Amino acid sequence: MDRTAVAAPATDLPPPVDMAPRTSKPLGRARIIGSLVVIGLYVLAAIFGPILLKYDSVATDLGARLKPPGTTLPDGSFALFGTDQVGQDVLAQMMQGARVSITVGVATLLLAGIIGVAAGLAAGYLGGWLDAVLMRLADVQLTFPSILLAVFIASVLGPSVVNIVIVLSISNWVTFARVTRSQVLSIKERDFVDAARTLGARSWHLVTRTILPSAVAPILVVATVELGHVILAEASLSFLGLGTPAGTPSWGVTIANGRDYLSNAWWISTIPGIFLAILVISFGVLGDALRDRFDPRLRSM
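Residues numbered from 1 in each chain as written. Predicted model: local features only at pLDDT ≥ 70, side-chain atom pairs only at ≥ 80, totals over all residues. Heavy atoms only, no water.

A tally of regular secondary structure across the protein chain gives 11 helices and two strands. Its helices and strands taken in sequence order, the protein chain reads α-β-β-α-α-α-α-α-α-α-α-α-α from the N to the C terminus. Within the span of the protein chain, comprising 301 residues, buried residues form 42% of the whole. Long-range pairs, those at least 24 residues apart, make up 69% of the contacts in the protein chain with a sequence separation of at least 6. Within the structure as shown, the protein chain displays about 16700 Å² of accessible surface, and the carbon and sulfur contribution to it stands at 68%. (Helix = DSSP H or I, 4+ residues; strand = E, 2+ residues; numbered from the N terminus. Buried < 20%, exposed > 50% of the residue type's maximum accessible area, 1.4 Å probe, protein only. Contact = heavy atoms within 4.5 Å. Areas by Shrake-Rupley, 256 points an atom, 1.4 Å probe, with all protein chains shown as cover.)

Here we come to helix 4 (residues 146-157). Taking 1.5 Å per residue, 12 residues should reach 16 Å; helix 4 reaches 16 Å between its end C-alpha atoms and fits that length. Those residues of helix 4 that fall on the buried side of the exposure criterion are Leu149, Ala150, Ile153 and Ala154. All buried residues of helix 4 project into a common sector of 130° when viewed along the axis, lining one side. Residues of helix 4 that are exposed and point more than 90 degrees away from the buried face comprise Leu148, Phe152 and Val156. Among the structural elements, helix 3 (128-142), helix 5 (161-187) and helix 8 (216-239) are those in contact with the buried residues of helix 4. (Expected span 1.5 Å × (residues − 1). Arc of directions from axis to C-beta.)

Per the counting criterion, the structure on display carries four aromatic pairs. With centroids separated by 6.2 Å and ring planes inclined at 85°, the aromatic side chains of Tyr42 and Trp251 adopt a geometry described as edge-to-face. Taken as a pair, Tyr42 in helix 1 (residues 24-52) and Trp251 in helix 9 (residues 251-257) lie far apart in primary sequence, 209 residues in all. By relative accessible area, Tyr42 is classed as buried at 10%. Using a relative accessible area of 1% as the deciding quantity, one classes Trp251 as buried. (Phe/Tyr/Trp six-rings, centres within 6.5 Å; stacked < 30°, edge-to-face > 60°.)

Let's shift gears to the pattern of salt bridges. Throughout the structure, instances matching the rule amount to six salt bridges. Ionic pairing is found between Asp194 and Arg197, a salt bridge with its closest N-O pair at 2.8 Å. Taken together, the positions of Asp194 and Arg197, both in helix 6 (residues 191-198) and three residues apart, correspond to about one turn of that helix. One salt bridge in this structure joins Arg291 and Asp288, with 2.6 Å as the shortest N-O distance. Taken together, the positions of Arg291 and Asp288, both in helix 10 (residues 267-294) and three residues apart, correspond to about one turn of that helix. Ionic contacts of the salt-bridge type, sharing partners, join the residues Arg31, Asp288 and Arg291 into one network. (Salt bridge = Lys/Arg side-chain N within 4 Å of Asp/Glu carboxyl O.)

Packing of helix 6 against helix 7 (residues 203-214) brings their axes to within 11 Å, and their N-to-C directions diverge by 170°. When the axes of helix 6 and helix 7 are compared, the pair comes out roughly antiparallel. Of the residues in helix 7, those in contact with Phe192, Val193, Ala196 and Arg197 of helix 6 are Leu206, Thr210, Ile211 and Ser214. Here the residues of the contact of helix 6 with helix 7 are counted per class, giving five nonpolar, two polar and one charged. (Axes fitted to C-alpha atoms, helices over the stretch in contact; angles between N-to-C directions. Parallel < 35°, antiparallel > 145°, perpendicular 65-115°, else oblique. Nonpolar A, V, L, I, M, F, W, Y, C, P; charged D, E, K, R; others polar.)

This part takes up the side chain of Ser269. Inspection of the secondary structure assignment puts Ser269 in helix 10. Its relative accessible area of 9% is what places Ser269 among the buried residues. Look past the residues within four positions of Ser269 in its chain and what remains in contact with it is Thr254, Ile255, Gly258, Arg259 and Leu262.

Here we come to the packing of helix 5 against helix 8. Closest axis-to-axis distance for the helix 5/helix 8 pair is 10 Å, and the angle between their directions is 160°. Comparing their axes, helix 8 and helix 5 come out roughly antiparallel. The chirality of how helix 5 crosses helix 8 is right-handed. Across the interface between the two elements, Ile164, Val167, Leu168, Asn172, Thr175, Phe176, Val179, Thr180 and Gln183 from helix 5 touch Pro218, Ile219, Val222, Ala223, Glu226, Val230, Ala233, Glu234 and Leu237 from helix 8. For the contact of helix 5 with helix 8, the per-class residue count stands at 12 nonpolar, four polar and two charged. (Left-handed = near helix turned anticlockwise from the far one by under 90°.)

With that out of the way, let us pick up the nonpolar core. By size, the foremost hydrophobic cluster in this structure holds 60 residues, and its most contacted members are Leu168, Phe176, Ile231, Trp251, Leu276 and Leu279. With 13 residues, helix 2 (residues 90-126) is the single largest residue contributor to this core. Apart from residues no more than four positions distant in its own chain, Trp251 is found in contact with Tyr42, Met94, Gly97, Ala98, Ser101, Ile231, Leu276 and Leu279. Ranked by size, the runner-up nonpolar core spans eight residues in total, among them Ala119, Leu134, Trp173 and Ala177. (Core = buried A, V, L, I, M, F, W, Y, C linked by side-chain atoms within 4.5 Å.)

A separate point is the confidence of the model for the protein chain. Taken over all residues, the pLDDT of the protein chain has a mean of 83, while the share at 70 or more is 89%. Element-level pLDDT for the protein chain is lowest in helix 11 (residues 296-299), with a mean of 48, against a maximum mean of 91 in helix 2. Below pLDDT 50 for its whole length, residues 1-23 participates in two contacts with residues either more than four positions away or in separate chains. (pLDDT = per-residue confidence, 0-100.)

Bringing the environment of Val184 into the picture now. In this fold, Val184 is placed in helix 5. Between the alpha carbons of Val184 and Tyr125 there is a distance of 6.4 Å; along the sequence they are 59 residues apart.

Here it is as structure tokens:
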């Protein structure tokens, strides 16, 4: 009997079936690119829009008030998104408001991120009573809804751009602190940290050169999501009159100015609200896509 006919060679076995979804990586890449394109357009509009479209917060033109979108004004200018109750161009307000809102969002994330990351590093690496105090303080703050806490602090400090940055930073440092602490507790027990410690690395070097770089990716994901939340919170406080001052353009102020004219001039509040929602959703999609990319547990699912 021919022994070769008894058992087929191993090379004839069919290749293993790849059960991983093939569309996950292209889909995630498309979500990241699409979100970055939308956010980039907003940033370009915030930078160059006020230069192209002049906006004067105290100027009025009662002859051009409440004009619908697509109207050519008496001075020859074209109001793409119409005018408000005092004749100001809604598009010009939105461009200037985008600059203020994005600036407030970035400044808030920098301040909240520095405070939260520093607190998380200290709590996770040192532990002991410092960890207990910082985390109990975070637990106490988390018992209050962040927007209500921001409203309370803003009502005490008063409306201004600097105050709104301070208010939102106080409301958002806890998220950075908790994420950083959880990452530090996991990273500081790994072999490469023990190896650096064995080689004589001091605590400052371990924290800044070994542990913190390994925790950057989750922190950036949180910052991306929180930036959209901060911009929405700034608009909410400005809508209530507790954010930017009345003379400072903001999406929240523009939406608040048009709430009494929804029946006959819907565009004053509706158009800025739609663009605000698109920006916040873009940050949310970007943060979700970055989380899927950097989290190995989700990436393997």
